Structure formats: C-alpha cells, structure tokens
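Now for the letters of each chain:
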Amino acid sequence: MAAASMMPIFSQNVSSNSDLVPEWSRQEVSTGTTIMAVEYDGGVVVGADSRTTTGAYIANRVTDKLTRIHDRIYCCRSGSAADTQAIAEVVSYQLGFHSIELDEPPLVETAAHLFRASCYRYREELMAGILVAGWDRRKGGQVYCVPIGGMLVRQPVSVGGSGSSYIYGFMDSNYKPGLSKDQCLDLTTKALTLAMERDGSSGGVVRLATISEDGVERRVILGDQLPKFSTH
Amino acid sequence: PAAGFNFDNAARNAAFEGLFEGGQTPKPLKTGTTIAGVMFKDGVVLGADTRATSSEVVADKMCAKIHYISPNIYCCGAGTAADTEKTTDLLSSNLTVFSLNSGRNPRVVMAVNILQDMLYRYHGQIGANLILGGVDCTGNHLYTVGPYGSVNKVPYLAMGSGDLAALGILEDGFQHDLELEKAKKLVRDAVHSGIMNDLGSGNNIDICVITAEGVDYIRPFQESEFKDRREIKYKYRQGTTPVLTKKITPLKLEVVQETTQKMETV
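These figures come from a predicted structure and were not determined experimentally.

### What about helix α5 (residues 180–197) of chain B?
Residue and element names in this part refer to chain B.
Right, on to step 1. Look at α5: 26 Å from first C-alpha to last across 18 residues, which is about the 26 Å you get at 1.5 Å a residue.
Right, on to step 2. Buried within α5 we find Ala183, Lys184, Leu186, Val187, Arg188, Asp189, Ala190, Val191, Ser193, Gly194 and Ile195.
Right, on to step 3. Packed against the buried residues of α5 are β1 (35–40), β2 (43–49), α4 (163–173), β11 (205–211) and β12 (215–222).

Following this line, the structure appears as structure tokens:
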C-alpha cells in the first residue's frame, strides 16, 4: 500500500515567474486521488474518485480513473495523469498481443507484471501508483498493487493515491476476509467517500466497477447520493 | 541539422534566469488565451479570442487560434504560440497523409492519440494546451490534451489563462443536446467572460462550428467594441527624407565555367 505524493519529480521550471499564465496551469496534471480494490469470492470490486488536478485547479471533475486493460482486467490510476495514461496504453497493447498469441484470456498476474516492468524500469522518470485488479480462471479475483518505484505485491484489499492515507484506519477495522460482492461495494463506497471528504485532491463522483466471470459491471455514484457521515 | 525539436537551449535559458541585471530573459510569445469548446446536438462548437501577447505587449490583435487539422477536425491552442502552431501543423500533415493513403476521413480519436504520443514524448517541453473538436463517422467528440500528454474527454471545456472565467459561464449554462444558436451563444459568452476578466485575452471572438454537414468558421464572430481608429495618416510623400549622398558600386561578375549536359530522353 502506498500513498502517491503530489509534487512531480520531473518538474519543468524553465521560466519561474510568469505574468499572464498562472503558476497552477504550468504544473503537471496529477490525478491526486483515492483508489481502492477489494477481492471477493468470484471477482473484484474496484473504485476511484473522479478528480484530476493541475496544482489547485480541478482540470477534470468527472475523470474515469478505472481504465480497461483487458476484458476482465482493470487498473486504477494515481499519480501523474500523463504517465499513467501512457503506461496503461502500453500495457493494454502488450497484454492484448500476448492474449492473441496465447489464444486465451490473459492472467491478472501477467498484467500486473507488465505494469511492474514498465514502472520499475522507468522509475526515475515516472510518477505512477497503480492498482491492477481483475478476474481470471486460474486464481479468480485478484488485486495487485504496483506503487511508485515499481514494487509488486498481491493483496486481498488495497488502497492508493493521496487520499488513501485517511482511510487506512477505516480499512483495517472494517475489512474482513470472506465479504460478499455487495458488502465489498458498500465498503468501497464508504471508504472512498470518507477519503474524498478529507483529501482536497480527491472528490467529484465515485466510480465503481465489479469484475467477475460474467463480465464487468460499472456504476457511478453522484455527489448527492454518497453516504453521509458528517454530523454537521 | 537533426530532425525534430532541439531543447539544448532550455538548459541555457534556465541558467540565464538570474544573470540579466534588473530585467528578465526575453519570453517566448505566449498566447495567454481564452479558448472554449462545447458539444451540442449536431456537432461541436469551438471558440477563441484573438489576442497574442508577448509579456505585456499585445503582439497580434487578430491572431487565429482555431487551427485546421482536417476537414472535419479543428483544434484550439493555448500556451506558447509557436508550439501550438507547429504541433497542429504537424498533426494536420500526418492526418492528410493518412487520408490519402487509406481513403478515409480521419477520426478525432486518431488526432488525439497522435498528439498525446508526441506531447508525452517531449515531457512537457512543448507548451501546448489544445482543445480538439470534430465530427466523424463515430459521432461528435471533444477532447483536451495537456502539455505533458494527458487527455480528457468531456462535453464542454475551456483552456488558457482565461479558462476559469469561461468555465464559470459554461458550468452555469451547459446542457446536453443544445441547439446550434444556443451553443454558439454559450461559447461566445464563455470567451467573452474570459476577455473581460483576463488580461491575456482580448480583441475579437472567433467561432468554429463543426457538424456532419460541414464546417462554419466564423472569423470574427464578434468584433471588439474597443477597436482603435487611426486619427493620423502615416504615409509620407516622396522627398520627406533628404538624400545626402549617392554611391553606386557595380559588382564585378566573372563567368568561371559554363557547361551543358544533355538530359537523357527516350
């Protein structure tokens, strides 16, 4: 589990003071995010918020951070928007090619290893924290965490992004192995809502996806339909 | 010279930052802009102001910020003027070659992918914030590409230094499936708000409407009400400047060698 930091390592500072173009528009677009993935018996639930920021400005308030890599493999992106979009495209291509060669659906573990290969090799240049989750016939629902730096570890439940720091406590106390699909959806929604409440770089709507043998089911929970926690 | 961009001067410029006494290094021409795009029922409307600034001076009062990419795709550019100009030119050339080779009209998503690849490869050194809009066989599309290569697909957008002002108008007035006249008015209002509230945007408003039937590039859609009127004549009659001396030096040309070679013909 890793929390992505907000400042890009690879920052361009060729012109420091500018008159007409404000500072925040010259910063790299970051997904500064909360993402989460949970395994259940028969599949996985993935969730993310929908805010993309450029410094203090919200560049996109309806971002889709749950990116399809293959029919039953999705990734949750956090970190630099450009870097994660580029990596996801590269891995989609590699995995698609691999799947055609094998003539069978790819394994989630393969996708996770492909992500790790790119993230580790270019670790100095990239800023990407990714959760890879999906379903395959061999091991069922799986969640793999590939944080900044290029580590790879399989976990039953994982959170990521700048908002994840605020929900570790909630996760640790509310997750139990053996939850059902609806319990996982509920847990994810609550966790993301709590993080979005506290983290300035997370917000917007909650996007959820359930991946199982039957396919992918996507849903969106709009701002006013989120569970309410605050007493004020 | 090697093909492609050369960023050797970027490091040099950074080193120069502190060295000029009192002044600053000369800044590249930035468009300091308001550009906006809206998807409506039958297509896409793009709008832009027409002011190009070089620090505090208006360098161009009638700058064209809506660039042609292909007959069905246009692109608004904010950021460094040269970068947006050249990037959109390159993209247009690539897509023209593609059209000629394949016999198909290019799709908006192709343009976006090519731009994303290129901008990502240059890691933000190309200061181009682009709004791409177009209509193709798969429908109406509106995308934004950032200088680092991030792409967002949304129904309405504003970019440039005046984007906060324009986005306020868009957030308030946008609805799905607007009619053409309402959509044009919404974009005009958004760009107008950018012009009024941002120093880097101004002068006239250009509008470009793209539908399945064709493109309507209205330049200008609305002229600035604060246009200047030249009061004095700037023409001078011959003889105003006296000629003091005149010296004619003929250039000696020597014929060194003359050869003719017969072209081989069948």
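### Examining the environment of glutamine 116 of chain B
Residues and elements named next belong to chain B.
Right, on to step 1. Of note, glutamine 116 is situated in helix α3 (residues 108–121).
Right, on to step 2. On the basis of relative accessible area, glutamine 116 is assigned to the buried category, the value being 6%.
Right, on to step 3. Taking the C-alpha atoms as reference points, glutamine 116 and proline 147, separated by 31 residues in sequence, lie 8.8 Å from one another.
Right, on to step 4. Only 3.1 Å separates the side chain of glutamine 116 from the backbone oxygen of glycine 149, close enough to count as a polar contact.

### Overview of the UniProt feature "domain: Proteasome beta subunit C-terminal" (unreviewed entry) in chain B
Right, on to step 1. The positions that UniProt labels "domain: Proteasome beta subunit C-terminal" (unreviewed entry) are, in the present scheme, residues 229–260 of chain B.
Right, on to step 2. Secondary structure over residues 229–260 of chain B splits into 0% helix and 0% strand, and the C-alpha atoms at its two ends are 60 Å apart.

### Focus: the sheet that holds strand β7 (residues 128–136) of chain A
Residues and elements named next belong to chain A.
Right, on to step 1. Spatially, 5 strands are ordered β5-β6-β7-β8-β9 in an open sheet, and the strand pairing comes out antiparallel. Edge positions in the sheet fall to β5 (66–70) and β9 (153–154), since each of these pairs with one other strand and no more.
Right, on to step 2. Note: strand β8 (residues 140–146) against β9, 2 bridges, orientation antiparallel. The residue of β9 that forms the bridge with tyrosine 144 is arginine 154.

### Details of the nonpolar core
All names here are of chain A.
Right, on to step 1. Counting 24 residues, the largest nonpolar core has Ile69, Ile73, Ile87, Phe115, Ile130 and Val132 as the members making the most contacts within it.
Right, on to step 2. When residues of this core are traced back to their parent elements, those giving at least two are β6 (73–79), α1 (81–102), α2 (108–121), β7 and β8.
Right, on to step 3. Once residues within four sequence positions are removed from consideration, isoleucine 87 is found in contact with Phe115, Ser118, Cys119, Leu126, Ala128 and Ile130.
Right, on to step 4. Core analysis: the next-biggest nonpolar cluster, separate from the first, contains 22 residues, Tyr40, Ile167, Leu185 and Met196 among them.

### A look at the packing of aromatic side chains
By convention here, two paired aromatic rings are described through the distance between centres and the angle between planes.
All names here are of chain B.
Right, on to step 1. Inspection of every chain in the model, using the stated rule, returns 4 aromatic pairs over all chains.
Right, on to step 2. Taken together, a centroid distance of 5.6 Å and an interplanar angle of 80° make the contact between tyrosine 68 and tyrosine 74 edge-to-face.
Right, on to step 3. Tyrosine 68 sits in the partly exposed class, given a relative accessible area of 42%.
Right, on to step 4. Residue classification places tyrosine 74 among the buried positions, given a relative accessible area of 10%.

Cut-offs used in this document
- Residues numbered from 1 in each chain as written.
- Chains lettered and ligands numbered in written order.
- Predicted model: local features only at pLDDT ≥ 70, side-chain atom pairs only at ≥ 80, totals over all residues.
- Heavy atoms only, no water.
- Helix = DSSP H or I, 4+ residues; strand = E, 2+ residues; numbered from the N terminus.
- Expected span 1.5 Å × (residues − 1).
- Buried < 20%, exposed > 50% of the residue type's maximum accessible area, 1.4 Å probe, protein only.
- Contact = heavy atoms within 4.5 Å.
- Polar contact = N/O pair within 3.5 Å; in protein donor to acceptor, adjacent residues only side chain to side chain.
- UniProt positions renumbered as here; feature names shortened; annotations may be inferred.
- Pairing = 2+ DSSP bridges.
- Core = buried A, V, L, I, M, F, W, Y, C linked by side-chain atoms within 4.5 Å.
- Phe/Tyr/Trp six-rings, centres within 6.5 Å; stacked < 30°, edge-to-face > 60°.

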